[in-house]
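Topology and contacts: notes
One letter stands for each residue in the lines below.
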Amino acid sequence: MAEDLISQALLSGDGGAWGAFVRRYGGLVVAAVRGVAQMHGDIEDLTQEVFVRLCKDNYRLLRSYDPTRAGLSTWLTIVARSTARDALRRRRADSVPLDLVPEAQLAVDAVEPVQKLKLPDALLSPRQREILAMLYDREMDVAEIAKKLGIDPQTVRSAHHKAMIKLRAHFKADFE
């Protein structure tokens, strides 16, 4: 009954009825939009888009509501979800199948190999050098290194940490 009073007042031009309508159904619209969009900023934007659509052209969409087909809450949920989906589809960048992209646009500049840093021999221990080589040159993870060296993974992390402290101190001194 309250639904009918609010929507009738709204459609008859009562200025305060829009505020009452938004207060009454705002949570419902937000919940419906949240089911479609996960990002908080999208939820706010899409909720606003739903309300703009509802009041556009002198409430044309709202006037199309037929209470014999569904309750107002159900109808608003459907409108909110479809509006949100449509808006997200429009925002999505147009995609082109990779096969249709000219080869010249897919070309990537050649990557020159990076020259390895020359470290003083006494800066790192042999184990630290080996762990850094395994981590960065061979791209092994901590568990693989620990298994290969027969040591605890925490020992690998600790040796890596201590080596990085030494390297930062060494290069900071060189930089200054």
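The sections below set out a description of the structure shown in this document. The structure presented is a predicted model; accordingly, all values stated were derived computationally and were not measured. (Residues numbered from 1 in each chain as written. Predicted model: local features only at pLDDT ≥ 70, side-chain atom pairs only at ≥ 80, totals over all residues. Heavy atoms only, no water.)

So, the overall build of the chain
To keep it simple, the criterion reads: Helix numbering and strand numbering both begin at the N terminus, where a helix is a DSSP run of H or I of at least 4 residues and a strand a DSSP run of E of at least 2. Two things to know: the radius of gyration comes from C-alpha atoms, and the globule rule equals 2.2 Å times the number of residues to the power 0.38. Partly exposed describes any residue whose relative accessible area lies between the buried limit of under 20% and the exposed limit of over 50%, with all areas from a 1.4 Å probe on protein chains only and scaled to the type maximum.
Helix and strand content of the chain: 8 helices and 0 strands. The N-to-C order of helical and strand elements in the chain reads α-α-α-α-α-α-α-α. Taken over C-alpha atoms, the radius of gyration comes to 31 Å for the chain, far larger than the 16 Å a tight globule of 176 residues would show. A buried classification covers 28% of the 176 residues belonging to the chain.

Considering the packing of helix α6 (residues 126-137) against helix α7 (residues 142-149)
Selection criterion: Every axis in this analysis is a line fitted to C-alpha atoms, fitted for helices over the stretch in contact. Angles between the N-to-C directions lie between 0 and 180 degrees. Any angle that is under 35 degrees is reported as roughly parallel, and any over 145 degrees as roughly antiparallel; angles of 65 to 115 degrees are reported as roughly perpendicular and all others as oblique. By convention the crossing between two helices is left-handed if the near helix lies anticlockwise of the far one by an angle smaller than a right angle, and right-handed if it lies clockwise. We call two residues contacting when some pair of their heavy atoms lies within 4.5 Å. Classification convention: Asp, Glu, Lys, Arg as charged; Ala, Val, Leu, Ile, Met, Phe, Trp, Tyr, Cys, Pro as nonpolar; all other residues, Gly among them, as polar.
At their nearest, the axes of α6 and α7 sit 10 Å apart, and the two run at 135° to each other. Taken together, the axes of α6 and α7 are oblique relative to one another. For the element pair α6 and α7, the recorded crossing hand is right-handed. Facing E130, I131, M134 and L135 of α6, the residues of α7 in contact are V142, I145, K148 and L149. The residue makeup of the contact of α6 with α7, split by class, is 6 nonpolar, no polar and 2 charged.

What to know about the side chain of Q128
Cut-off, in case you're wondering: Side-chain atoms alone can form a polar contact between residues adjacent in sequence; in general such a contact is a pair of N or O atoms within 3.5 Å, and within protein one must be able to donate a hydrogen while the other accepts it.
Locating Q128 in the fold gives a position in helix α6. Given the relative accessible area of 7%, Q128 is considered buried. A polar contact of 3.0 Å, which involves the side chain of Q128, links it to the backbone nitrogen of S125. Leave out the neighbours within four places in its chain, and Q128 touches A159, K162, A163 and K166.

A word on the packing of aromatic side chains
By convention here, two paired aromatic rings are described through the distance between centres and the angle between planes. As a reminder, the rule being used: In summary, the pairing rule links any two rings of Phe, Tyr or Trp, Trp by its six-membered ring, whose centres are within 6.5 Å, and it sorts them by plane angle into stacked for under 30 degrees, edge-to-face for over 60 and tilted for everything else.
Inspection of every chain in the model, using the stated rule, returns 5 aromatic pairs. Each ring, one from F21 and one from Y25, has its centre 5.1 Å from the other, and the planes form 50°; the classification is tilted. Of this pair, F21 and Y25 are both found in helix α2 (residues 15-34), 4 residues apart, which corresponds to roughly one turn of the helix. Taken as a pair, F21 and Y25 share a single burial class, namely buried. Summarising the aromatic geometry, the rings of Y65 and W75 are spaced 5.4 Å apart at their centres and angled 55° between planes, so their arrangement reads as tilted. Note that Y65 is positioned in the loop between α3 (40-63) and α4 (72-91) and W75 in helix α4, a separation of 10 residues in sequence. Each of the two residues, Y65 as well as W75, counts as buried. An aromatic cluster of at least three residues, connected via ring pairs, comprises W18, F21, Y25, F51 and Y59.

Quick word on the pattern of salt bridges
Once the charged atoms of two side chains with opposite charge are near each other, the side chains can pair. Selection rule: Put simply, a salt bridge is a Lys or Arg side-chain nitrogen that is within 4 Å of an Asp or Glu carboxyl oxygen.
Applying the stated criterion across every chain yields a total of 3 salt bridges. Linking E49 and R90 is a salt bridge whose minimum nitrogen-to-oxygen distance equals 2.6 Å. Highlighted residues: E49 in helix α3 and R90 in helix α4, separated in sequence by 41 residues. Given a relative accessible area of 58%, R90 falls into the exposed group. Across the pair D57 and R60 runs a salt bridge whose closest N-O atoms are separated by 3.6 Å. Placement of both D57 and R60 in helix α3 is noted, with a separation of 3 residues, approximately one turn of the helix.

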